[in-house]
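Secondary and tertiary structure notes
Here's the letter readout for the chains.
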Amino acid sequence: MKIGIIGAGPIGATLSHKLHAKGHHVKVADARGLSHLKDKEIAGEAVALEQLGQDIDILIISLPLAVVPQIKEMVSQLKNNVIIVDTTNYYPFRDAQITKIEEGMPESVWVSEQLGRDVIKAFNNQLAYTLSQKGSSQKSDNRIAMAVAGNDDLQKEIIMNIADEVGFDAVDNGTLQNSWRQQPGTPAYCTELNSDDMTKALERADKAAAPIQRDEVGKYFEPGMTHEDIVHLNRKLYKVN
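The following paragraphs examine the structure supplied in this document. Bear in mind that the values here come from a model prediction, so they are computed numbers and not experimental data.

1. Some remarks on the sheet that holds strand S1 (residues 2-6)
Paired through their backbone hydrogen bonds, the strands of a sheet run either parallel or antiparallel. Strand order in this open sheet of six strands is S3-S2-S1-S4-S5-S6, and the pairing throughout is parallel. With one partner strand each, in any of the chains shown, strand S3 (45-46) and strand S6 (120-121) form the two edges of the open sheet. Pairing analysis gives two bridges linking strand S5 (residues 83-86) to S6, with the strands arranged parallel. Bridge pairing links Val 85 to Ile 120 in S6. Helix H8 (residues 153-165) contacts strand S4 (58-61), S5 and S6 of the sheet and is inclined by roughly 60 degrees relative to S5.

Dropping the structure here:
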């Protein structure tokens, strides 16, 4: 497939490598301009933002949430059948407070509202290291799962198949309104669960508690923490066995 990625941070860059390695045609752009990709370790073709939307099947958005409104014009020029994947996560200390999200609107519903287009929520509930290093074959025991939410069942199925292709079981998390269950502060977020445990984690998510738990986790971060330390911390605070 022909895939465009906006953003070359840890998730965007990792996806560029994973998808390119699977034979997809990948283009990567930076919302700030082509020059910002100069020293980024990406796979595929680096292009200007205005060129990214030309002849693609899927657009993956991997940006700080506050930057999303800046790409609305580019998104408005996409063909109607282009699948838009939202990988973003909301952190008030980074994005500044977004009133509608603070009032309970799911993050990807807000993204969809800003862009004027429906989106699929995916690739947001695993750490970049997990995505890069912990994918495995379908035959693997305890394969790590990712949650995927969206309103269009066909689009969601395509993205779930791509998650499988890059090494992860995909768990259907329902409509976009349900995507809050895979946001920061929930048991499904960055806890490296298999598909059965991911399904249970999504079911027991607490919408009111999620933003409190998201901010609580941040209080325990320390310099020098390893990836495994972070996963262990998330599992402990979110009460995941």
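2. Some details on the side chain of Asn 89
Structurally, the position occupied by Asn 89 is in the loop between S5 and helix H4 (92-95). According to the relative accessible area criterion, Asn 89 is buried, its value standing at 11%. Here the side chain of Asn 89 touches Asn 124 through a polar contact of 2.9 Å, side chain to side chain. Reaching out from Asn 89, the side chain makes a polar contact with the side chain of Tyr 189 at a distance of 3.4 Å. For Asn 89, the contacting residues outside a window of four places in its chain are Leu 65, Arg 94, Asp 95, Glu 107, Lys 121, Asn 124, Pro 184 and Tyr 189.

3. Side note on helix H6 (residues 107-115)
Within H6, seven of the nine residues are buried, which leaves it mostly tucked inside the rest of the structure. For H6, the full list of buried residues reads Glu 107, Ser 108, Val 109, Trp 110, Val 111, Ser 112 and Leu 115. Where H6 is buried, its residues touch S4, helix H3 (72-76), S5, helix H5 (99-102) and S6.

4. Let's talk about unusual backbone geometry
The general pattern is negative phi for most residues beyond glycine and trans for most peptide bonds. Here the phi dihedral of Phe 123 falls at roughly 60 degrees; this positive angle occurs in a residue that is not glycine. With respect to the element layout, Phe 123 can be found in the loop between S6 and helix H7 (128-133). Not every positive phi belongs to a glycine, and Lys 239 is a case in point at roughly 55 degrees. When you line up the elements, Lys 239 lands in the segment after helix H11 (227-237). Residue class for Lys 239 comes out exposed when judged on its relative accessible area of 64%.

The rules behind each value
Residues numbered from 1 in each chain as written. Predicted model: local features only at pLDDT ≥ 70, side-chain atom pairs only at ≥ 80, totals over all residues. Heavy atoms only, no water. Pairing = 2+ DSSP bridges. Helix = DSSP H or I, 4+ residues; strand = E, 2+ residues; numbered from the N terminus. Contact = heavy atoms within 4.5 Å. Axes fitted to C-alpha atoms, helices over the stretch in contact; angles between N-to-C directions. Buried < 20%, exposed > 50% of the residue type's maximum accessible area, 1.4 Å probe, protein only. Polar contact = N/O pair within 3.5 Å; in protein donor to acceptor, adjacent residues only side chain to side chain.

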